[in-house]
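# Architecture at a glance
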Amino acid sequence: MQLTLARLNEQPEIFYSIQGEGKSLGVPSVFVRTSLCNLHCIWCDTDYTWNWKNTRFPHANDATPGYRKFEKKDWIVKIDIEAVADLVADQPCKNIILTGGEPLLQQPALAALMRALRARATGYFFETETNGTMVPSAEFDADIDQYNVSPKLENSNNSRKLREKPAAYHFFAQSSKANFKFVVAEPQDLDEVLELIERYQIPADKVYLMPEASTAPVLQQKRQWVVDICKNHGFRYSDRLHVQIWGGKKGV
Ligand code: SF4
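Residues numbered from 1 in each chain as written. Predicted model: local features only at pLDDT ≥ 70, side-chain atom pairs only at ≥ 80, totals over all residues. Heavy atoms only, no water.

Overall, mixed pairing links the eight strands, which are arranged β3-β4-β6-β7-β8-β9-β10-β11 in an open sheet. With partners counted over all chains shown, the strands left at the sheet margins are β3 (14-18) and β11 (236-237), one partner each. (Pairing = 2+ DSSP bridges. Helix = DSSP H or I, 4+ residues; strand = E, 2+ residues; numbered from the N terminus.)

Given two aromatic rings, one states the distance between the centres and the angle between the planes to describe the pair. Under the defined criterion, the tally for this structure stands at 13 aromatic pairs. Following the ring pairs from residue to residue traces out a cluster consisting of Tyr48, Tyr67, Phe70 and Trp75. Taking the ring centre of Tyr124 as reference, the NZ or CZ of Lys94 above it sits at 5.7 Å. (Phe/Tyr/Trp six-rings, centres within 6.5 Å; stacked < 30°, edge-to-face > 60°. Lys NZ or Arg CZ within 6 Å of the ring centre and 35° of its normal.)

The subject of this paragraph is the sheet that holds strand β1 (residues 2-8). Strand order across the open sheet formed by three strands is β2-β1-β5, with antiparallel pairing between neighbours. In this open sheet, the two strands that pair with only one neighbour each are β2 (11-12) and β5 (76-80). Contacts from helix α2 (residues 81-89) reach β1, β2 and β5 within the one sheet, and its direction differs from that of β5 by about 100°. (Contact = heavy atoms within 4.5 Å. Axes fitted to C-alpha atoms, helices over the stretch in contact; angles between N-to-C directions.)

Residues in close proximity to the ligand include Cys37, Leu39, His40, Cys41, Trp43, Cys44, Thr46, Trp50, Gly101, Asn131 and Lys152, which together make up its full environment. Split by residue class, the shell around the ligand holds six nonpolar, four polar and one charged. (Near = heavy atom within 4 Å. Nonpolar A, V, L, I, M, F, W, Y, C, P; charged D, E, K, R; others polar.)

Where helix α6 (residues 166-174) meets helix α7 (residues 189-200), the closest approach of the two axes is 10 Å, and the angle between their N-to-C directions is 75°. One finds that α6 runs roughly perpendicular with respect to α7. Across from Pro166, Tyr169, His170 and Ala173 in α6, the residues of α7 making contact are Leu196, Arg199 and Tyr200. Considered class by class, the residues forming the contact of α6 with α7 number five nonpolar, one polar and one charged. (Parallel < 35°, antiparallel > 145°, perpendicular 65-115°, else oblique.)

As a further point, take helix α8 (residues 216-233). For α8, with 18 residues, the first-to-last C-alpha span of 25 Å sits near the 26 Å given by 1.5 Å per residue. Of all the bends in α8, the largest measures some 40° and sits at Arg223. Here α8 has its buried residues at Leu219, Lys222, Arg223, Val226, Ile229 and Cys230. Of the residues one or two after α8, Gly234 is the one with positive phi, at around 75°. (Expected span 1.5 Å × (residues − 1). Bend = angle between axes of the 7 residues up to and from the residue. Buried < 20%, exposed > 50% of the residue type's maximum accessible area, 1.4 Å probe, protein only.)

This brings us to unusual backbone geometry. That bond from Gly100 to Gly101 is cis: its omega, 10°, falls within 30 degrees of zero. Mapping Gly101 onto the fold places it in the loop between β6 (95-99) and α3 (107-120). Here Leu36, not a glycine, exhibits a phi torsion of approximately 80°, which is positive. On the secondary structure map, Leu36 appears in the loop between β4 (28-33) and α1 (72-75). Of note, the phi angle at Asn157 is positive, near 75°, even though the residue is not glycine. With respect to the helices and strands, the residue Asn157 is situated in the loop between β8 (146-149) and α5 (160-163).

Shown next, in the form of structure tokens:
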């Protein structure tokens, strides 16, 4: 069985860093970045996992001089599970974050990876990032320790039909392993967040709000009103450490 991973600097994108967002913010972690996504968020900062040449999806960077869609074959790598397990096992920590792209597009292979690593050593903790559009399989759910669910809003430019999948939202709202991270671009995004929370009965203490920002000045600008909303509604605030420390740099 193989995984399709993002390729960066000619290598599968697996790296040791700290979790920069959400519930585990600040935790030293190893990131395994899967390629491919079923959504196309206009502000996505990992667009090299889906914004392929000859596709029609718009991106906020389209007007940036020099920005080009990605040649798929140059940005993905297919790699055997045991080879991925070798690369992950060599890393200095056992908090593993499956990220993407959309990792849940590859549940059987990721479940196999988690089992392969646990067969080698104890102490692994696996988190997955997800856009919350796919219901996890029983097999995947048994292996994963934490879901970091980031439902997309209107500001992502995905149609509601694509981004809001009731069965998946109900699953995550009821899972004790799940937390929800909403990316808010403007104060009016709150209305949509509150609607989703009401519709799917998501407990407030599982909700994190995070400003949409790809640069430190924009992040700073949005912090105050996002924090105020969190205080008013009992949500948690998530910063974006990676933007603060590294800006838009990839693979860090
Ligand atoms: S769901 Fe995540 S990876 Fe996919 S396009 Fe949106 S931000 Fe990017």
